[in-house]
Amino acid sequence: MNQEQSALRQQPEPQGNINREQQQYQEDVKVEHPRIESSIESPFQALGIRPELVRALRELEITTPTLIQQKAIPLIKAGKDLIGMSRTGSGKTAAFGLPILENLRPQAGLQVLIMAPTRELAVQIGDELRKFGKYLHFRLATVYGGVSLGPQIEQISRADIVVGTPGRLKDHLNRQNLNLSHLTCTVLDEADKMVEMGFIEDIEYILSYTPEKRQMLLFGATISKEIDHLTERFMHAPVTAEAEAQVQEELLEQFYYNVQHHEKFSLLVHLLKKEATQRVIIFCSARSTVELVSRNLQLQGLRNEMIHGKLSQNRRLNVIEKFHCGQAPILVASAVAARGLDIKDVSHIFNYDLSADPQEYIHRIGRTARAGESGKAITLLSQKDFQAFGDILNRFRVNIQELPLEPFARLRFDARRFDSEENSSRSYHGRSDQNAHRGYRRFDGERPSRFPRREQSQSYQPPRWGSGWGK
Ligand SMILES: Nc1ncnc2c1ncn2[C@@H]1O[C@H](COP(=O)(O)OP(=O)(O)OP(=O)(O)O)[C@@H](O)[C@H]1O
Ligand SMILES: [Mg+2]
């Protein structure tokens, strides 16, 4: 049994949404503290979170801790090394961010280092911490590749907290811009992804510059055995805080269509027109597919933006910003947008195809139905995806219903590849492909050699996935 499966077995049934958790938590507070109930202004305060943070949280309409926050905050405040795992959109950023801000000492120099796998995620974590800490005095620097070093050096020199991607952090360390010798806490968000991407050496290198006695926190919706090496080498008696691992079926509905590969695009357009969508993310596993789908949607008059690892940093941040503020209702994305991104009102996720990594499915669909909202994930399956789909069903307890194909118009799909203006830009995080020889997965869904493509014989028949299969 792999680590995820064993974790799932130990899980209680999926917990309620944030509102239900909130209700339960308030009842618990009443039972445990009947006399002081009235003196507790906020459940966050009961967790030892100071009024300045509680005030900022209230302004963000965050009033009651989620389960992972209830479990993790006291342990982190107490200085424990911790592995935190809970479903997508359950507030893991605040679960580590609040106790970190709580423990921060004023004017004590760089104390906290947070690492994340993508630039967008690093920016988001930094923004979220700034919002939580609105009424505290601290300085935070966000560092990532693809932009010049200069302004970052300046920010780092004054920062109490640095959030960044491993490649650029290592760069700064080598240039002696980053002094980690007084660090008290380091966080690896989406740790398994960073390891899987081949950043293990960079992470180990960075951690080797941190004091032996600093606190270390790992967070993710999926934490796989890839992190074992890190926990053994760098964590001291880590405790685990686990909350609900599964998405709630009543909030996140999952469907799939069996469709011929050459008809996927026509079905996608049909569904985009038929479904009552707000914001939509269409995931494709290859960069070239992202570009083709995006361009063909434009040709059909469906305004969209695309994001993948080869676009310039400015363009990537711009695209996310446009999607955030609703200027572009459709985002066609590679795996760079699958992890951690928190964008409001994403009503639909479409999987145009599936990645070979079954975990990615969980993260992709987790871009909708966040923080108690509802959403729909629709996967377009053709024969090429059957192996990946089987792997998802084997590994995770997901409830995906098949939908029958309905009549839809066949559209022209221009499959000519084109060189986007940015295809010649630097590779992911601006690093050379230093880990390619080690067979690590490239982040845009390219397959590493240690996961060889399983050839599918002509006679391969899909298993019959009935409703609720793999539940
Ligand atoms: N206690 C809370 N009550 C209501 N909303 C919350 C609470 N805590 C966090 N949120 C909001 O929930 C959303 C999701 O939070 P966050 O991005 O931290 O989730 P996550 O668990 O890290 O998800 P992922 O696994 O996808 O990274 C954010 O918009 C955040 O502001
Ligand atoms: Mg997160």
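This section reports on the structure supplied with the text.

Cut-offs and rules
- Position labels on residues start from 1 in each chain and follow its written sequence.
- Going through the entries in the order they are written, you letter the chains from A and number the ligands from 1.
- pLDDT decides what is reported in this predicted model: residues at 70 or higher carry local features, side-chain atom pairs at 80 or more are listed and counted, and totals for whole chains, interfaces and linings draw on all residues regardless.
- Strands were regarded as paired on the criterion that DSSP finds at least two bridges between them.
- Numbering goes from the N terminus for both helices and strands, where a helix is a DSSP run of H or I of at least four residues and a strand is a run of E of at least two.
- Angles shown run from 0 to 180 degrees and are taken between the N-to-C directions of axes, each axis being a line fitted to C-alpha atoms and, for helices, limited to the stretch in contact.
- We call two residues in contact whenever the C-beta atoms placed from their backbones are within 7 Å.
- Nearness between a residue and a molecule or strand is assessed with a C-beta atom placed from the backbone; a distance within 6 Å qualifies.
- Amino acids are sorted into nonpolar (Ala, Val, Leu, Ile, Met, Phe, Trp, Tyr, Cys and Pro), charged (Asp, Glu, Lys and Arg) and polar (every other residue, Gly among them).
- Note that domain bounds follow an automatic or database assignment of domains.
- As used here, a nonpolar core is made of buried Ala, Val, Leu, Ile, Met, Phe, Trp, Tyr and Cys residues. They are joined through C-beta atoms within 7 Å.
- A residue is called partly exposed when the number of other C-beta atoms within 10 Å of its own lies between 12 and 20, exposed at 12 or fewer, and buried at 20 or more, with C-beta atoms placed from the backbone.
- Multiplying 1.5 Å by the helix residue count minus one yields the expected span of that helix.

A few words on the sheet that holds strand β1 (residues 82-85). Pairing is parallel across the open sheet formed by 7 strands, whose spatial order is β3-β4-β2-β5-β6-β1-β7. Strands with a single pairing partner mark the edges of an open sheet, and in this sheet they are β3 (140-143) and β7 (239-242). Taken pair by pair, the neighbouring strands of this sheet meet at an average axis angle of 15 degrees, ignoring direction. Bridging between β3 and strand β4 (residues 161-164) involves 4 bridges; their strand directions are parallel. Directly across from A141, in β4, lies its bridge partner V162. Helix-sheet contacts for helix α9 (residues 166-174) involve β2 (112-115), β3 and β4, and the interaxial angle to β3 is about 110 degrees.

Moving on: the site of ligand 1. Close to ligand 1 lie 19 residues; T88, G91, K92, T93 and A371 are nearest. Top element by residues in the shell around ligand 1 is helix α6 (residues 92-103). It accounts for 3 residues. When its residues are assigned to classes, the shell around ligand 1 shows 6 nonpolar, 10 polar and 3 charged. Split by domain, the shell around ligand 1 shows at least three residues from each of two domains, domain 1 (43-242) and domain 2 (252-443).

This brings us to unusual backbone geometry. Of note in the backbone geometry, Q107 takes a positive phi value of approximately 55 degrees without being a glycine. Within the secondary structure, Q107 is located in the loop between α6 and β2. A positive phi angle is found at Q176, which is not glycine, with a value near 60 degrees. Counting through the fold element by element, Q176 comes out in the loop between α9 and β5 (185-189).

Counting residues in hydrophobic clusters, the biggest one holds 116 residues, and the most contacted among them are I282, V332 and A333. If one sorts the elements of this core by residue count, helix α10 (residues 191-207) sits on top with 8 residues. Both domains that meet at this core, namely domain 1 (43-242) and domain 2 (252-443), each give it at least three residues.

The next thing to look at is α6. Here α6 is 12 residues long and its end C-alpha atoms lie 17 Å apart, about the 16 Å a rise of 1.5 Å per residue gives. The buried fraction of α6 is high, at 10 of 12 residues. Those residues of α6 that fall on the buried side of the exposure criterion are K92, T93, A94, A95, F96, G97, L98, P99, I100 and L101.

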